[in-house]
Amino acid sequence: MSEANQVLTALASKRVLIVGLGKTGLSCVHFLNKHGIEVAVVDSRENPPGLEILQEKFPDIAVFIGSFQTDVFERADCVIVSPGVSIHELPIQVASARGAEIIGDVELFARLATAPVLAITGSNGKSTVTTLLGEMVQMSGLNVEVGGNLGIPVLDLLEEPAPDFYVLELSSFQLETTHSLNAAATTLLNLSEDHMDRYTGLDDYLSAKKRVFNGDGVVVLNKDDANVISLRNELERNHKVCIFTLNKPEAGEFGVKEHEQAQWLYFGDKALVPISKLKIKGTHNVANALAALALGQAVGLPMEAMVATLQIFPGLPHRTEWVANINGVDWFNDSKATNVGAAQAAINGLSENNLILIAGGQGKGQDFTPLRNTVSGKVKKVILIGEDGQLIDDALKGVTDTEYASDMQQAVKFAADAANSGDVILLSPACASFDMFSSYEERGQYFINAVNEVAKL
Ligand code: UMA
Ligand code: ADP
């Protein structure tokens, strides 16, 4: 019997409970049902998103909604937890203490996947690096499946024939329930506060992220991030470590150096490509490019193919995305900046000193004071939106002008009114979107629509 079949047979003998009926939960139901494994589903929401599909396609599956009823958990001996649910929820803890196995979809994937995995985590830049690396694999003439936190649940990737590589974006939430992933190459891109409503502090958040290093594959580390590089000695015991930096690289490192009167990406003393040729813009995206190169090199992708990819990869929507130039004012949509670190990177990355920033939303318990230094001298006005706009205002007292807007349309109008030709307007909220929008994509689209209205005036 193949290893994968052994894993599935072992699971079939257990009472499996899927917690959460979002994308992940539904994907688990589909996958396990296809392999003849019986499951039950529980979701604490009254009206979870996948309910209609579940009832239509799988009318025989038991589903419990509206709360986490303890008796439902008591019957389970394998609990598959969706990333949006904390494993510290009491019924999950009780099940675990009773000996039930607590895993996530990524753990199941790790046990079943037969091709090497490239795994990317970090507070910011994950989706960009994951997508870019996927494109690099393809440009190298190899087959790739890309997914994870990016949006395609990992078990869906197993529906396709095994590729040469899987490239996975993994969140701290997903890593919490992952035990046996042994990625061929992996990175923790950076670490800054996020999801502080779920973790007790930065250390707790880091310990979830560090689970990406559980295997023995190559580890790519960011030398410029103090929290990340402090792990180097510990990781060198079990891993080959590769380094990237925005500064001059040492031998064997990826970095940036001046060459022919321009800034170039370098590997050791080898000039690779001028930064001006990269399609993705901003200093943070230079770091993302270097991280992707290091991961690709770790698994033998040809440098020429990777460098060629960098010259055509346009980046992803809602990430420092240029929207329009109206009356000499450039508008950028960075709606995916859902934490302070991301907004700081966008503000610094655009390297302007004439910015008007639109920020605010759900702060997720973050400390906004680090924004103070970044905004100071660069941002001439901040338009505040959403339920935690006031917290940002408090953190920025005295360093810039602020104004409150009741919705995105008004925020765009206030920003347009405050801008002069040559200014840059940036939506980079530093917050989640769920107080006003269904997702960061919807927030970005509302912004783009409102900017297009301004263009018509
Ligand atoms: N929820 C409940 N009760 C439940 C189950 C979920 O209240 O019983 C809530 C959660 O608290 C959360 C929401 O429902 O607010 C969605 O949670 P989920 O686990 O059902 O989410 P999925 O639809 O399965 O999507 C998840 C990831 N979502 C989260 O981690 C919150 C998606 O990442 C990911 O794309 C998808 O799996 C496929 O792998 C999204 C995300 O916001 C983009 N990720 C966070 C981030 O990037 O910052 C980590
Ligand atoms: P993630 O998937 O980790 O959220 P994305 O690639 O989607 O990352 O980028 C989200 C936002 O994070 C971007 O809009 C930008 O503001 C910021 N960002 C991107 N790359 C980096 C980086 N390397 N360091 C810091 N911030 C970044």
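Residues numbered from 1 in each chain as written. Chains lettered and ligands numbered in written order. Predicted model: local features only at pLDDT ≥ 70, side-chain atom pairs only at ≥ 80, totals over all residues. Heavy atoms only, no water.

**Quick look at the site of ligand 2**
Just so we agree on the cut-off: Think of it this way: one heavy atom of a residue within 4 Å of a molecule or strand is enough to make that residue near it. Pairs of N or O atoms are called polar contacts if they sit within 3.5 Å, as long as, within protein, a hydrogen donor faces a hydrogen acceptor (for residues adjacent in sequence, only side-chain-to-side-chain pairs). Where accessible areas are quoted, they stem from the Shrake-Rupley method and a 1.4 Å probe; at the residue level, only the protein chains shown are allowed to cover.
As a structural note, the neighbourhood of ligand 2 is formed by 17 residues, with G125, S127, T128, R319 and D334 the closest of them. Within the side chain of T128, one N or O atom sits 2.5 Å away from an oxygen atom of ligand 2. At 3.3 Å, a side-chain N or O of N190 approaches a nitrogen atom of ligand 2. Protein chains shield 93% of the accessible area of ligand 2, which is 550 Å² for the free molecule.

**So, the domain arrangement of the protein chain**
Going by this rule: Residue ranges labeled as domains rest on an automatic or database domain assignment. Contacts are assigned to residue pairs that have any heavy atoms within 4.5 Å of one another. A quick way to say it: buried area is the sum, across both parts, of accessible area lost when two parts are put together, with a 1.4 Å probe.
The assigned domain composition of the protein chain is domain 1 (3–103), domain 2 (110–310) and domain 3 (321–456). Taking the mean C-alpha position of each, domain 2 and domain 3 sit 28 Å from one another. Across the boundary between the two partners, domain 2 contributes 12 residues, which contact 13 residues of domain 3. Contact with domain 3 buries surface across domain 2, with N124, E193 and H284 losing the most and accounting together for 45% of the total.

**Some remarks on helix 7 (residues 126–139)**
Put simply, the rule reads: Working definition: helices are DSSP H or I runs of at least four residues, strands are E runs of at least two. Numbering for both runs from the N terminus. Helices are assigned an expected span. That span is 1.5 Å times one less than the residue count. Between buried and exposed lies partly exposed: a residue is buried under 20% and exposed over 50% of the maximum accessible area for its type, with that area taken using a 1.4 Å probe on protein chains only.
For helix 7, spanning 14 residues, the distance from its first C-alpha to its last is 20 Å, which sits close to the expected 20 Å at 1.5 Å a residue. For helix 7, the buried fraction is high: 11 of the 14 residues fall into the buried class. Within helix 7, burial applies to K126, S127, T128, V129, T130, T131, L132, L133, G134, M136 and V137. If you follow the buried residues of helix 7, they end up packed against strand 6 (117–121), strand 7 (144–148), strand 8 (165–169), helix 10 (202–209), helix 13 (283–298) and helix 14 (303–310). Following helix 7 by one or two positions, G141 adopts a phi angle in the positive range, close to 80°.

**Some details on the pairing of strand 9 (residues 185–188)**
Our working rule: A pair of strands is treated as paired once DSSP finds two or more bridges between them. Think of it like this: strands point away, you trace from the first strand over the helix to the second, and a clockwise trace means the crossover is right-handed.
Alternating residues of strand 9 divide into A185 and T187 and T186 and L188, and every residue in both groups is buried. In terms of strand pairing, strand 6 meets strand 9 through 4 bridges, oriented parallel. In the strand pairing of strand 9, L118 is matched with A185. Relative to strand 10 (residues 218–222), strand 9 runs parallel, the two being bridged by 4 bridges. Bridged to T186 within strand 10 is V219. For the handedness criterion, the β-α-β arrangement of strand 9, helix 10 and strand 10 is classed as right-handed.

**With respect to the sheet that holds strand 2 (residues 39–43)**
Quick note on the threshold: Think of each axis as a best-fit line through the C-alpha atoms, taken over the contacting stretch in the case of a helix, with angles from 0 to 180 degrees between the N-to-C directions.
On the basis of which strands lie adjacent, the open sheet formed by 5 strands has the order 3-2-1-4-5 and parallel pairing. The open sheet terminates on both sides in strands that have one partner only, identified here as strand 3 (62–65) and strand 5 (101–103). Each neighbouring strand pair of the sheet contributes to a mean axis angle of 20°, computed without reference to strand direction. Of the pairings in the sheet, the one linking strand 4 (residues 78–81) to strand 5 comprises 3 bridges and is parallel in character. Among the inter-strand pairings, I80 is bridged to a residue of strand 5, identified as I103.

**What to know about the nonpolar core**
Going by this rule: Put simply, buried Ala, Val, Leu, Ile, Met, Phe, Trp, Tyr and Cys residues joined by side-chain atoms within 4.5 Å make one nonpolar core.
Ranked by size, the top nonpolar core spans 57 residues in total, and within it L32, I80, F109 and Y166 carry the most contacts. Here this core gathers at least three residues from each of two domains, domain 1 (3–103) and domain 2 (110–310). Ignoring any residue separated from it by four or fewer positions in sequence, one finds F109 in contact with V117, V154, L155, L157, L158, Y166 and L168. Counting residues in each nonpolar core, the second largest holds 38 residues, with F165, I280, A289 and A291 among its members.

**Considerations on the layout of surface pockets**
Heads up, the rule is: Only protein atoms enter the 1 Å grid, on which a cavity is a set of points fitting a 1.4 Å probe that cannot get out and a pocket is an open set with protein on both sides within 12 Å along at least 5 of 7 lines, lining residues being those with an atom within 4 Å of a point. Grid points are joined across faces, edges and corners, and a volume is the space filled by probe spheres set on the points. The nonpolar class holds Ala, Val, Leu, Ile, Met, Phe, Trp, Tyr, Cys and Pro. Asp, Glu, Lys and Arg form the charged class, and all remaining residues, Gly among them, are polar.
The volume enclosed by the second largest pocket comes to roughly 310 Å³. V412, K413, A416, V454 and L457 are, among the 16 residues lining the second largest pocket, the residues nearest its centre. For the lining of the second largest pocket, the elements supplying multiple residues, two or more each, are strand 16 (329–333), helix 18 (408–418) and helix 19 (440–456). Of the residues forming the lining of the second largest pocket, the biggest block, 5 residues, is contributed by helix 18. Each residue belonging to the lining of the second largest pocket can be placed in one class, and the counts come to 11 nonpolar, 2 polar and 3 charged.

**Focus on the side chain of D225**
Along the chain, D225 falls in the loop between strand 10 and helix 11 (226–229). Look past the residues within four positions of D225 in its chain and what remains in contact with it is N190 and L191.

**What to know about the pairing of strand 14 (residues 270–274)**
Here strand 13 (residues 262–267) runs beside strand 14; their pairing, made up of 4 bridges, is antiparallel. Following the sheet pairing, Y266 is matched in strand 14 by A271. Linkage of strand 13 to strand 14, two consecutive antiparallel strands, is achieved through a turn of 2 residues, within which G268 is found at a positive phi near 60°.

**Observations concerning the site of ligand 1**
Close to ligand 1 lie 20 residues, the nearest being T24, S44, R45, G84 and N149. With respect to ligand 1, the backbone of G148 contributes an N or O atom lying 3.1 Å from an oxygen atom. The separation between an oxygen atom of ligand 1 and a polar main-chain atom of N149 is 2.7 Å. Burial of ligand 1 by the protein chains amounts to 73% of its free accessible area of 870 Å².

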